[in-house]
Amino acid sequence: MSANYEPNIVAFLCNWCSYAGADLAGTSRVQYPSNVQIIRVMCTGRVNPLYVVNALQQGADGVLVSGCHPGDCHYMEGNYFARRRLGMLKDLLEFVGVDSRRFHMSWVSASEGHKWKEVVEKTVEDAREAGPFEGFRRRQIDW
Amino acid sequence: MSAMLLKKEKWPDFVGKLTGKKVWAPQGEGEEMRFAPVNEGEAPDLAYGNTRVPPKQAVFPQTETMFRFQVDGKEIEEPQLDQETVLLGVRPCDARSMAIVDKLFGWDENDPYYFKRRELVTLVGLACSEPGINCFCTSVGGGPAATEGLDLLMTDLGEDYLLEAVTEKGELLLKEAGDILEEAGDDRYKEKEKLAQAAAQKIKRSVDHEGIPEGLPGLWEDPLWQRVSASCLGCGTCTFLCPTCHCFDIQDEVEGFAARRCRMWDSCMFNEYSLHTSGHNPRPSRRERTRNRINHKYSYYVDKFDVIACVGCGRCINLCPVNIDIVEILRQVKEAL
Amino acid sequence: MDLDKLRETAAEVAAREDVKYLIGWKKGSYGYRVAPGFVEEAEGAAGLIFSPLCTANLATYLTLVEKLPLPRGQEPDKRKVALMVKGCDSRAVAQLLVEKGIHRDEVVVIGCPCPGMVDPDLLGEKYPETEEPAEVKWSDDGFIIVRDGEETAVPRDELLAEKCRLCRYPNPVISDIMLGDPVDTWDPAEDEGVSEVEDKDVDGRWAYWQEQFSNCIRCYSCRNVCPLCYCQDCILDRLNPTWVNRSVNFSENTAFNIARAFHLAGRCIECGECERVCPANIPLGKLNRKLAREVRDKYGFEPGLDPEAEPFQASFKPDDPEDFIL
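Everything in this summary refers to the structure shown in the same document. What you see is a predicted model; the values in this text were computed from it and never measured. (Residues numbered from 1 in each chain as written. Chains lettered and ligands numbered in written order. Predicted model: local features only at pLDDT ≥ 70, side-chain atom pairs only at ≥ 80, totals over all residues.)

**Examining the overall build of chain B**
- Tallying secondary structure elements over chain B gives 11 helices and 12 strands in all.
- For chain B, whose C-alpha radius of gyration is 21 Å, the value lies close to the compact-globule estimate of 20 Å for 337 residues.
- Taking all 337 residues of chain B together, 43% fall into the buried category.
- Of the contacts made within chain B by residues no fewer than 6 positions apart, 73% connect residues no fewer than 24 positions apart. (Helix = DSSP H or I, 4+ residues; strand = E, 2+ residues; numbered from the N terminus. Rg over C-alpha atoms; globule rule 2.2 N^0.38 Å. Buried ≥ 20, exposed ≤ 12 C-beta atoms within 10 Å, placed from the backbone. Contact = placed C-beta atoms within 7 Å.)

Right under this line is the structure:
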């Protein structure tokens, strides 16, 4: 691992809470690591677990899924489904040997700009500790 | 044909002489055997039945990159195929399969990817002394010591191997091995003949294919297809592990701007194999797909190339999860004729 | 089990007006093979068997049969399919009912209480297969192998399949007709296969699975044999978008295996068919059992027991565990 390694994080944020939270962090001039590539989705409930797998395959060193707090979902219950599904995915990824530090899930509401900063810092820090995730890359495949 | 003798203790020396060439041999344990590159300085152990995955992957890899390109560019980058490869311990049935598949890839237009690899590969065969229980090579034109498709045939004579060159490539190998070989006497050659005969005797299963190639088209709507395919799962095990199955699919794989075009094994047992863009599928169920598999091997191929596209290795019988047995199907076909 | 009674019942069911055909097990073409048998007429029932070799889960055929477009004016055949099930297979049927993959009035379930199957690989290794079909029977404390007219008694533990050692439901959970009396359940063994992988460190687990997945030839027999993998349009076959590339390498094989295992989270009924049919001998059961164990321990849910239950991944509880959330 080179000293100036910067992890690549893909974050799936729900439109109604976490994306607005990240927006608030920006407008409030809260500084947070620039390693995250944000992908906005309408709800964490529509995050297909294969998104996470695909992100790791295509060069992400860590993945973050963030949505509304339980009970706050714009669609009433999308985040409850996501919690169950992605919880299982986390167990499965750990079992096949993907470092548990590479995949995180969080609840960040539209008013939690500071919490967003903390979540990103933690995710980036974890991915940095875990190191570059070369083993799973599509690009690694030669001829 | 010149026959030479190799003492078994000199086997590592023989492998060591193959410098500059990549050596492939059966690797793995028990039933998980497959052909894979041998580490330098190692001599593979040849005491095995047959590999699960046939050696066709050495000339027709499961996934082959045809070229690479940038989505926004015009350049293409082609693979360098110049590595000479020696396959050690190929069973005569598998070698024969390559001779059969050559006809398909060389029909009309020569397939450059296939033939480039084919020219660079030397097949060193190993005659069977203990055929498996589902082997039936003798009834489709092969045999436990058949040489078709091979460059060099080895026979295990207990203390020694008898080496017989079949082609120039094989002669070359013998020449390169030089003084570690000994001249084989006539008696050793006879010993080998006897072993081959004994092995052929041990093959219990047989297919009587007389009349089948001509008769199959007439059985197109026969209820037998429904019967034999009812339990089919529609998986690709039989075709992927068949040494003569050669269907492939070509797809582009893109990641960002980097892309590659590759071809990979496909299987006529899959639904989307014959699925049209319109959504219509001319082989909509497992009945038609099973019928196609048998027809292709025992009728279409015979029509076109005058040889049955089945070498009797028994893999599809051994590994079918639901005991669909090609010998049994052919018996039923014969009955229905 | 009394084979005569089985055949008699099967003949009765197959002869019923409202039954299209019956699916059971019959002797295979050689060695220890057992093939699925499709019985349309009562006479066909004479070839059916139930022995420790009947590992195949026949529930997969309920959803495997293609629904082809019918010629105009032709009515679809609405008769029932009769199916012989062991304990684990019956859970597959129950789970299919939960997911509305089938309707209860489309099937006649014939339950066979199961004292445990033999592991076909282990059996073939210790007692090589013969050209003639061989037989295996249950005895009081194990199995009896009949090959070439010779009988060998083998203790139960020596050949019992892994999935059966872990089995908690040897008796069918749903059935219309039950053949014989329920068997005594046994204490399921510790799942050493899963624990062994869990005990490795993260790099060890990755290395272990890479070694296994690199053998995968992507024949998809694990998917096709699974009674609960029955999507008409599987993501693995999709080209637009391509979820998993067709090329065979580490990366795609791993993605495929993760996807397959995940789609069975909270649905897998642990019949072990995926592992049995895999031509590359990948221990797929470990992935499924690991997830099943998590679902059981963390969410208190077991699939395939109650046909009225809610599907695991399409339901939730407000107090589901969330200790993994930042």
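Still more ground to cover, so stick around.
**Topic: the overall build of chain A**
- The helix and strand inventory of chain A stands at four helices and four strands.
- Element order for chain A, N to C, with α for helix and β for strand: β-α-β-α-β-α-β-α.
- Rg of the C-alpha trace for chain A: 15 Å, near the compact-globule value of 15 Å for 143 residues, within the 12% margin.
- Scored against the burial criterion, the 143 residues of chain A give a buried share of 52%.
- By sequence separation, contacts in chain A at least 24 residues apart represent 82% of the contacts at least 6 residues apart.

**Here's the deal with the environment of His246 of chain B**
Residue and element names in this part refer to chain B.
- As for its placement among the helices and strands, His246 is situated in the loop between α8 (237–240) and β11 (248–255).
- Taking the number of C-beta atoms within 10 Å as the measure of exposure, His246 has 19 and is therefore partly exposed.
- For the pair His246 and Phe60, spaced 186 residues apart in the sequence, the C-alpha separation amounts to 8.1 Å.

**Re the packing of helix α1 (residues 18–27) of chain A against helix α4 (residues 113–130) of chain A**
Residues and elements named next belong to chain A.
- Where α1 meets α4, the axes come as close as 7 Å, and the angle between the chain directions of the two elements is 100 degrees. By the criterion of interaxial angle, the relationship of α1 to α4 is roughly perpendicular. Where α1 abuts α4, its residues Gly21, Ala22, Leu24 and Ala25 lie against Gly113, Trp116 and Lys117.
- Partitioning the contact of α1 with α4 into residue classes produces four nonpolar, two polar and one charged. (Axes fitted to C-alpha atoms, helices over the stretch in contact; angles between N-to-C directions. Parallel < 35°, antiparallel > 145°, perpendicular 65-115°, else oblique. Nonpolar A, V, L, I, M, F, W, Y, C, P; charged D, E, K, R; others polar.)

**Details of unusual backbone geometry**
All names here are of chain C.
- In this chain, Asn240 is followed by Pro241 through a cis amide linkage whose omega measures 0 degrees.
- If you trace the backbone, Pro241 turns up in the loop between α9 (221–225) and α10 (250–263).
- At Tyr220, a position not held by glycine, the phi torsion is positive, near 65 degrees.
- By the secondary structure assignment, Tyr220 is in the loop between α8 (202–213) and α9.

**Observations concerning the interface of chain C and chain B**
- Contacts between the two partners involve 32 residues from chain C, matched on the other side by 31 residues from chain B.
- For the side of chain C that touches chain B, the per-class residue count stands at 15 nonpolar, 10 polar and seven charged.

**As for the packing of helix α3 (residues 78–96) of chain A against helix α12 (residues 284–299) of chain C**
- It is at 10 Å that the axes of α3 of chain A and α12 of chain C come closest, and there the two elements cross at 140 degrees. What the angle tells us is that α3 of chain A and α12 of chain C run oblique. Along this stretch, α3 of chain A crosses α12 of chain C, giving a crossing that reads as right-handed. Facing Met88, Asp91, Leu92 and Phe95 of chain A of α3 of chain A, the residues of α12 of chain C in contact are Lys290, Leu291 and Glu294 of chain C.
- Considered class by class, the residues forming the contact of α3 of chain A with α12 of chain C number four nonpolar, no polar and three charged. (Left-handed = near helix turned anticlockwise from the far one by under 90°.)

**Digging into the sheet that holds strand β12 (residues 258–265) of chain B**
Residues and elements named next belong to chain B.
- Taken together, the four strands give an open sheet; going across it, the order is β5-β4-β12-β11, and neighbouring strands pair in antiparallel fashion. In this open sheet, the two edge strands, each paired with only one partner strand, are β5 (76–77) and β11.
- As defined by bridge partners, strand β4 (residues 63–70) adjoins β5 across two bridges and the pair is classed as antiparallel. Each residue of the ladder has a partner; that of Arg68, found in β5, is Glu77. (Pairing = 2+ DSSP bridges.)

Note that all results are geometric; they support no functional claim without further evidence.
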